[in-house]
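Each chain, written out:
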Amino acid sequence: MNDDASLVLRATDVSVAYEGRRPTRAVREVSLELHAGEVLGIAGESGCGKSTLAYALTRMLRPPAVQTGGTIEYVDRDGRTWDLTALEPGELRKLRWAEFSMVFQSAMNALNPVTSVGAQFDDIFRTHRPEMDRAERRERARRLLEMVGIDPKRVRSFPHELSGGMRQRVVIALALALEPRLVVMDEPTTALDVLVQREILDEISRLRAELGFAVIFITHDLGLLLEISDSLAVMYAGQFVEYAPARRIAEEAQHPYTQGLLRSFPSLRGGRRDLRGIPGNPPDLRQDLDGCPFAPRCEHAFDRCRTEAPQLLAAPGYWPFSCHLRDVPNGSEPRKVEVDERA
Ligand SMILES: Nc1ncnc2c1ncn2[C@@H]1O[C@H](COP(=O)(O)OP(=O)(O)OP(=O)(O)O)[C@@H](O)[C@H]1O
């Protein structure tokens, strides 16, 4: 049993590399904790390692990606802790869908193009709920479709007969089919037009409130994440550079990169910002990074930033952001965060 009853996922110092002549160190010692019903948003520019982290957390990495360090613990609904990195494929199959599921950007890749929507629900139920008969499986599939706003008759449709938005809703319904405790969503609405995005996001928020699952939601759109997340991690060059309650980040982001992102992205609900991008590009993740990876683009950088990597400072109760400004006289004081806000 776990001593923290609401804990769902704890990742500690997770690192992932794409192997090659010069490996790409895409995720570098990332730690996070997720509690029941919590929405953790992960933001960052393209290529900073968000998807790689999502694949690592759900044990879906495929060669040439390898997890090179760290542990990932998952606590199931009975309070049993599983070391995901040590699971046998059979054990992993039992947990996947039933305990945690995934929604990725391309619904078309997630759906089987040659079988009906109903048959795809059937596959999941046959494996995980063998006691259900055909009629029960069909009825449950119809109810799940209804739940995500799709006409239950669509159970007979094939993926190509559905619009992009409908397909993504089907993928969400499939992910929720066994009422998992955790759903990892990687850019689930990015390929859709803004109105459909909005509808689906509202749907996800409603379902989460109704069913109580925790969400890891990944997108480059920080504005959107601030709206839907309880806590927010900002990723840069494979690392978390700021990790705090979303509401607090919206009001008083500490890391210059987060501040830059906040200025760069329009919010989905209007309220355009002045959209100044962050000059320069993220570093090449095949290189060793000396000092702060953001220093070459940071308007506040000073000598120490170029030689010494700042730490995230995850001491209990402190606002974690990795920036030397925290230690500069007259710079930001170490920021305390009330612990209950993280729960
Ligand atoms: N199959 C692969 N082989 C080698 N390198 C890869 C592979 N997939 C991703 N990478 C590299 O890993 C790094 C992180 O990529 P990742 O896709 O995780 O970032 P991301 O933040 O999700 O970006 P995006 O928002 O564009 O999906 C990038 O430098 C990318 O080039």
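The name given to the chain in an unreviewed UniProt entry is ABC transporter ATP-binding protein, with Actinospica durhamensis as the source organism.

Caption draft 1: View of the nonpolar core. If you look at the biggest cluster of nonpolar residues, it comprises 91 residues, and the most contacted ones within it are Leu57, Ala173, Leu182, Val184, Ile216, Leu232 and Val234. Broken down by element, this core gets its largest block of residues, eight residues, from helix α6 (residues 164–176). Two domains each donate at least three residues to this core, and these are domain 1 (7–99 + 180–341) and domain 2 (113–179). With residues near it in sequence (within four places) discarded, Leu232 still touches Gly41, Ala43, Leu225, Leu226, Ala244, Ala246 and Ile249.

Caption draft 2: Up close: the sheet that holds strand β3 (residues 39–43). The mixed open sheet is built from six strands, whose spatial order is β6-β7-β8-β3-β9-β10. In the strand order of this sheet, the two ends are held by β6 (100–103) and β10 (239–245), each with one partner. With direction set aside, neighbouring strand axes in the sheet form an average angle of 15°. Of the strand pairs in this sheet, β3 and strand β9 (residues 231–236) are connected by four bridges, and their pairing is parallel. Looking across to β9, one finds that Leu40 is bridged to Ser231.

Caption draft 3: The arrangement of the site of the ligand in detail. The immediate surroundings of the ligand are formed by 14 residues, with Tyr18, Ser46, Lys50, Ser51 and Thr52 found nearest. Listing elements by their share of the shell around the ligand, those giving two or more residues are β2 (24–35) and α1 (50–57). The element best represented in the shell around the ligand is α1, accounting for three residues. Each residue belonging to the shell around the ligand can be placed in one class, and the counts come to five nonpolar, eight polar and one charged.

Caption draft 4: The arrangement of the domain arrangement of the chain in detail. Here the domain parsing of the chain yields domain 1 (7–99 + 180–341) and domain 2 (113–179). The centre of domain 1, based on its C-alpha atoms, is set 30 Å off from the matching centre of domain 2. For the side of domain 1 that touches domain 2, the leading source of residues is helix α7 (residues 194–211), giving six residues. The class makeup of the residues in the side of domain 1 that touches domain 2 is twelve nonpolar, one polar and one charged.

Caption draft 5: Region of the structure containing the pairing of β10. With six of seven residues buried, β10 is to be regarded as a mostly interior element. Direction of pairing for β9 relative to β10: antiparallel, over a ladder of six bridges. Among the inter-strand pairings, Tyr236 is bridged to a residue of β10, identified as Gln239. Between β9 and β10, which pair antiparallel one after the other, the connecting turn spans two residues, and Ala237 there sits at a positive phi close to 50°.

Caption draft 6: Spatial organisation of the sheet that holds strand β1 (residues 7–18). Pairing is antiparallel across the open sheet formed by four strands, whose spatial order is β2-β1-β4-β5. Sheet topology places β2 and β5 (81–83) at the edges, where each strand pairs with a single neighbour. Ignoring strand direction, the axes of neighbouring strands in this sheet form an average angle of 5°. As judged from the eight bridges shared by β1 and β2, these two strands associate in the antiparallel manner. For Tyr18, the partnering residue across the bridge sits in β2 and is Thr24.

Caption draft 7: Molecular detail of unusual backbone geometry. Omega for the peptide link from Pro63 to Pro64 comes to 10°, which places this bond in the cis form. Among the secondary structure elements, Pro64 is positioned in the loop between α1 and β4 (65–75). Phi at Glu179 takes a positive value of approximately 50°, unusual for a residue other than glycine. Along the chain, the position of Glu179 falls in the loop between α6 and β7 (182–186).

Rules used throughout
Residues numbered from 1 in each chain as written. Predicted model: local features only at pLDDT ≥ 70, side-chain atom pairs only at ≥ 80, totals over all residues. Core = buried A, V, L, I, M, F, W, Y, C linked by C-beta atoms within 7 Å. Buried ≥ 20, exposed ≤ 12 C-beta atoms within 10 Å, placed from the backbone. Helix = DSSP H or I, 4+ residues; strand = E, 2+ residues; numbered from the N terminus. Domains from an automatic or database assignment. Contact = placed C-beta atoms within 7 Å. Pairing = 2+ DSSP bridges. Axes fitted to C-alpha atoms, helices over the stretch in contact; angles between N-to-C directions. Near = placed C-beta within 6 Å. Nonpolar A, V, L, I, M, F, W, Y, C, P; charged D, E, K, R; others polar.

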